[in-house]
Amino acid sequence: MKKPTLMGALCACIIPLLLSNVSHSAPVAYTDRAAFLAALPGPSNTLDFNSLTTGTLIGDSSTVDGITFNYSVLAGYGVSMQVTGDKELGTNDGGVFQDGDYFDLTFAASNAVGMDFISSDGMLDGDIILTAGGASVGLLVTDATDLGGNWYAYFLGIVDDASPFTTAGITTHGGGGAFLFTVDDITTSAVPLPPALGLFVLGLVSLAGWRQHSS
């Protein structure tokens, strides 16, 4: 057996063993932010809009902090996303999203995504739905966080530590203006490369460089 073939065989045997230490499970849906944060598979990044000036427009296909916003339905009505006075994500049409609006997010490969939906209207289970990684989760009224003044935050999140995804979709039941809402604290997280695998790959790269230099 030639040495390059032997090296390939070693990689084929060792890498799966190293990856076997990574947790693999079906996607898990969350309606509680604390539980979602506790389940994150790695370091996270949260877009809270606090660094943006009130009134900042976020056009269709615009990217903010690594997240691209797409909303063809809103754009069809001449509506754009906009940062509200409370530093949340709303629109330039009354400052808020309404039932019937939906949009998509695109980001770097992640194993988790979650966000808050803020409203003072009477909400029903499933009024807002988050879909990512082949899983969906709907709003649960019983898990709302009371913000005071009749305002409530409803959290939706999905963690899939087995299969990364790059998009998430937000939809509503489409009743037509039955409720108004804003979005805040969009969190993403990815499974980090296992240290042992990282060192192994680095060793292979170094070995390949040494072999090329010596040949």
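As the structure is a prediction and not an experimental result, all values here were calculated from the model.

Caption draft 1: Representation of the overall build of the protein chain in the model. Scanning the protein chain from N- to C-terminus turns up four helices and 16 strands. When burial is assessed residue by residue, the protein chain has 35% of its 215 residues classed as buried. Put simply, of all contacts in the protein chain between residues at least 6 apart along the chain, 74% involve residues at least 24 apart. Of the roughly 10,900 Å² of accessible surface on the protein chain, a fraction of 58% belongs to carbon and sulfur atoms.

Caption draft 2: Expanded view of unusual backbone geometry. Phi angles above zero are rare outside glycine, and phenylalanine 49 is one such case at about 65 degrees. As for its position among the elements, phenylalanine 49 is in the loop between strand 2 (44–47) and strand 3 (57–58). The backbone of asparagine 150 sits at a positive phi, close to 70 degrees, despite the residue not being glycine. Within the fold, asparagine 150 resides in the loop between strand 13 (145–148) and strand 14 (151–159).

Caption draft 3: View of the pairing of strand 14. Counting buried positions over the nine residues of strand 14 gives seven, a clear majority of the element. Of the pairings in the sheet, the one linking strand 1 (residues 28–30) to strand 14 comprises three bridges and is antiparallel in character. The residue bridging valine 28 from the neighbouring strand is valine 159, located in strand 14. Two strands pair when backbone bridges link them, and strand 10 (residues 112–119) and strand 14 are joined in this way by eight bridges, in the antiparallel orientation. Residue pairing for strand 14: phenylalanine 117 is matched across the bridge by tyrosine 154. Of the pairings in the sheet, the one linking strand 13 to strand 14 comprises three bridges and is antiparallel in character. For aspartate 146, the partnering residue across the bridge sits in strand 14 and is tyrosine 152. Between strand 13 and strand 14, which follow one another and run antiparallel, lie two residues, and glycine 149 among them has a positive phi close to 65 degrees.

Caption draft 4: View of the sheet that holds strand 5 (residues 67–70). A sheet is described by the order of its strands in space; here six strands give the open sequence 4-5-9-15-11-12, paired in antiparallel fashion. Looking at which strands have only one partner, the edges of the open sheet turn out to be strand 4 (62–64) and strand 12 (135–138). With strand direction ignored, the average angle separating the axes of adjacent strands in the sheet is 25 degrees.

Caption draft 5: Spatial organisation of the side chain of threonine 31. Along the chain, threonine 31 falls in the loop between strand 1 and helix 2 (33–38). Look at threonine 31 and you get buried, because its relative accessible area is 12%. Separated by 2.4 Å, the side chains of threonine 31 and aspartate 143 make a polar contact. Sequence-distant contacts of threonine 31, defined by excluding residues within four places in its chain, comprise Val137, Gly138, Leu140, Asp143, Phe155 and Leu156.

Caption draft 6: A look at the confidence of the model for the protein chain. For the protein chain, per-residue confidence averages 84 on the pLDDT scale, and 77% of positions sit at 70 or higher. Below a pLDDT of 50 lies the segment residues 9–22, which in the model reaches 13 contacts outside its immediate sequence neighbourhood of four places, other chains included.

Caption draft 7: Highlighting the side chain of asparagine 111. Within the secondary structure, asparagine 111 sits in the loop between strand 9 (103–110) and strand 10. Polar contacts involving the side chain of asparagine 111 include one to the main-chain amide nitrogen of valine 191, which spans 2.9 Å. Excluding residues within four positions of it along the chain, asparagine 111 makes contact with Pro41, Ile158, Val159, Asp160, Asp161, Ala162, Ser163, Pro164, Phe165, Ser189, Ala190 and Val191.

Caption draft 8: The environment of glycine 114, seen in detail. Position of glycine 114 relative to the elements: it lies in strand 10. Judged by relative accessible area, which is 0%, glycine 114 ranks as buried.

Caption draft 9: Main features of the pattern of salt bridges. Counting across every chain of the model gives one salt bridge. Aspartate 116 is the salt-bridge partner of arginine 33, the closest N and O atoms lying 3.3 Å from each other. Taken as a pair, arginine 33 in helix 2 and aspartate 116 in strand 10 lie far apart in primary sequence, 83 residues in all. Residue aspartate 116 is classed as buried on the basis of its relative accessible area of 11%.

Criteria and thresholds
- Per chain, residue numbering runs from 1 following the sequence as it is written.
- Restriction of local features to residues with pLDDT of at least 70 applies here, the model being predicted, together with a cutoff of 80 or more for giving and counting side-chain atom pairs; totals for whole chains, interfaces and linings are based on all residues.
- For the side-chain quantities, the full set of heavy atoms in the structure was used; hydrogens and water were omitted.
- Helix numbers and strand numbers start at the N terminus; a helix is a DSSP run of H or I with at least 4 residues, a strand a run of E with at least 2.
- For every residue, the accessible area (1.4 Å probe, protein chains only) is compared with the maximum for its type, and the residue is labelled buried under 20%, exposed over 50%, or partly exposed between those bounds.
- Residues count as neighbours in contact if any of their non-hydrogen atoms are within 4.5 Å of one another.
- Per-residue accessibility takes into account occlusion by the displayed protein chains alone, with areas from the Shrake-Rupley method and a 1.4 Å probe.
- Any two strands with at least two DSSP bridges between them are considered paired.
- Note on method: axes are straight lines fitted to C-alpha atoms, helices fitted across the in-contact stretch only, with angles between N-to-C directions ranging 0 to 180 degrees.
- For the purposes of these results, a polar contact is taken to be a pair of N or O atoms within 3.5 Å, where, inside protein, one atom must be able to donate a hydrogen and its partner to accept one; residues adjacent in sequence count only when each atom of the pair is a side-chain atom.
- Across the chain, each position has a pLDDT score giving the predictor's confidence in that residue, from 0 to 100.
- Salt bridge, as used here, is a side-chain nitrogen of Lys or Arg placed within 4 Å of a carboxyl oxygen of Asp or Glu.

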